[in-house]
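Residue-level structure breakdown
Here are the chains, one letter per residue:
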Amino acid sequence: MSSSSSNQMWGGRFADAPDAIMEAINASIGFDKRLAAQDIAGSRAHAAMLAAQGIVTDSDASAIREGLLTVLSEIEGGTFQFSTALEDIHMNVEARLKEVIGDPAGRLHTGRSRNDQVATDFRLWVRDQLDAADAGLTALMRALVAQAEAGADWVMPGFTHLQTAQPVTWGHHMLAYVEMFGRDRDRVRDARKRMNESPLGAAALAGTGFPIDRHMTAEALGFDRPMANSLDAVSARDFALEFLSVASISAMHLSRLAEELVIWSSAQFRFVTLSDKFSTGSSIMPQKKNPDAAELIRAKIGRIFGANVALMMVMKGLPLAYSKDMQEDKEQVFDAADNWLLALAAMEGMAGDMKANVPALESAAAHGFSTATDLADWLVRETGLPFRDAHHVTGTLVARAEAKGCDLPDLTLEEMKAVHEAIDETVFDVLGVHNSVASRTSFGGTAPARVREQVASWKEALA
Ligand code: ARG
């Protein structure tokens, strides 16, 4: 399968061309074409710097910079012929540049290597994804804050172990997710700050003897500074791993909310109605309206966390500096980014559009002895019982109600007095779910007044 034509980029020492299988395993152009815009931006910055430093002439640099724009428009216009023989995006672009502008193209790669080039391109690409995730998280948080504002005082059951625990407000539940997505967004911003350093000019691994200006290229590409160690610059992929970790945690949060929407939209719960726009029907059961978007979001964590694990395994144990293993860093990151952003957008649409079934929420909140803690607290406050004893008395009352097949507020005062004689009719004030939530005014608590404060502060933060 060999032929005598060898690679035009590195073929100097080769007599034979690579085997077709070698070409297939070696080529990354099938996926790293997604780095085209970043690759061209990096090359244009590099060419401008080479001219500013007197390493290439101004006229060569202008030809290179112009020619690269032509190549970019061919790629964006879909007319560019990608070649597997040219391995990757870097060599595809450079080879085409040679066809477009001729000899000056050969000067572009001065003082640079594909090792710092790919590290630069990939950082730029991941940085764009972090910015997109920041925007996606912000939009989702806004949708959830709007839900919280509408339902600051709608009462619903709060669960532990998925068993009715205490009544909470809808707004409080929505804002719990706003807090989670807010931390995800903080992690995105933190990761962006840490990764925003330029590998360009690290060259193959050791730096270069050409008088390059790495600060100039760093600034042109929007980086805060050049990376301080050339070996680290071409070896590091922790920026991609951090992206995947942040994405994994956020996808985990998305999956929890998605799971709640699946449960809440079921006929057994009927807590919410999802809009038709984010549901599907069944081909056999005419009554069905399935929460497919929620189920798919719930599942996305699988591939996103999988990408995190896969890249961690690729990087584990690699000696410095570059190894070709590192070409296996991209596809999973691309896939994770696509799916994280899609899941954020789908959740924003679905959570924004869903309609809470307020009467169903309230009646569910009232069942399952959800105000038992309020009763125990009342006994402590009004009769001076120690909490442990109050807990026991309340437990007995719950057992009575359960035996009678009713809820706590349905017990008569006589039935209550039979268990603890100090109980009087004012106890009924705390057995209602609205009083229950209104009483939970501790900072961070579920009381509508507290929820409204949090809504106001989030609206300001997200304005
Ligand atoms: N396609 C390669 C990658 O994605 C580019 C870097 C190649 N470097 C090298 N020394 N062969 O990693």
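Just so it is clear, the model here is predicted, and its values are computed rather than measured.

**Quick look at the environment of Ser113**
- Position of Ser113 among the secondary structure elements: in the loop between helix 5 (89-101) and helix 6 (114-150).
- A C-alpha to C-alpha distance of 20 Å links Ser113 and Asp238, two positions 125 residues apart in sequence.
- Setting aside its immediate chain neighbours within four residues, Ser113 contacts Ala203 and Ala204.
- A polar contact of 2.8 Å, which involves the side chain of Ser113, links it to the backbone nitrogen of Asn115.

**As for the nonpolar core**
- If you look at the biggest cluster of nonpolar residues, it comprises 86 residues, and the most contacted ones within it are Trp340 and Met347.
- The element that contributes the greatest number of residues to this core is helix 10 (residues 238-264), accounting for 15 residues.
- Dropping the residues within four chain positions of it, Met347 is found in contact with Leu140, Leu254, Leu257, Ala258, Leu261, Ile297 and Gly352.
- Listed in part, the 21 residues of the second largest apolar core include Val398, Ala401, Met416 and Val430.

**Points about the pattern of salt bridges**
- A full pass over the atoms with the stated rule returns 25 salt bridges.
- Arg34 is the salt-bridge partner of Asp338, the closest N and O atoms lying 2.8 Å from each other. Of this pair, Asp338 sits in helix 12 (residues 330-353) while Arg34 sits in the loop between helix 2 (29-32) and helix 3 (36-52), and the two are 304 residues apart along the sequence.
- A relative accessible area of 33% places Asp338 in the partly exposed class.
- Put simply, Asp60 and Arg107 hold a salt bridge, and the shortest N to O gap is 3.1 Å. In this pair, Asp60 is assigned in helix 4 (residues 58-77) and Arg107 in the loop between helix 5 and helix 6, connecting sequence segments 47 residues apart.
- Via salt bridges that share partners, Glu87, Asp88, Arg114 and Lys324 belong to a single interconnected network.

**Concerning the UniProt feature "domain: Fumarate lyase N-terminal" (unreviewed entry) in the protein**
- Those places that UniProt annotates as "domain: Fumarate lyase N-terminal" (unreviewed entry) correspond, in this numbering, to residues 12-306.
- Between the end C-alpha atoms of residues 12-306 there is a gap of 40 Å, over a span that is 61% helix and 6% strand.

Conventions used here
- Residues numbered from 1 in each chain as written.
- Predicted model: local features only at pLDDT ≥ 70, side-chain atom pairs only at ≥ 80, totals over all residues.
- Heavy atoms only, no water.
- Helix = DSSP H or I, 4+ residues; strand = E, 2+ residues; numbered from the N terminus.
- Contact = heavy atoms within 4.5 Å.
- Polar contact = N/O pair within 3.5 Å; in protein donor to acceptor, adjacent residues only side chain to side chain.
- Core = buried A, V, L, I, M, F, W, Y, C linked by side-chain atoms within 4.5 Å.
- Buried < 20%, exposed > 50% of the residue type's maximum accessible area, 1.4 Å probe, protein only.
- Salt bridge = Lys/Arg side-chain N within 4 Å of Asp/Glu carboxyl O.
- UniProt positions renumbered as here; feature names shortened; annotations may be inferred.

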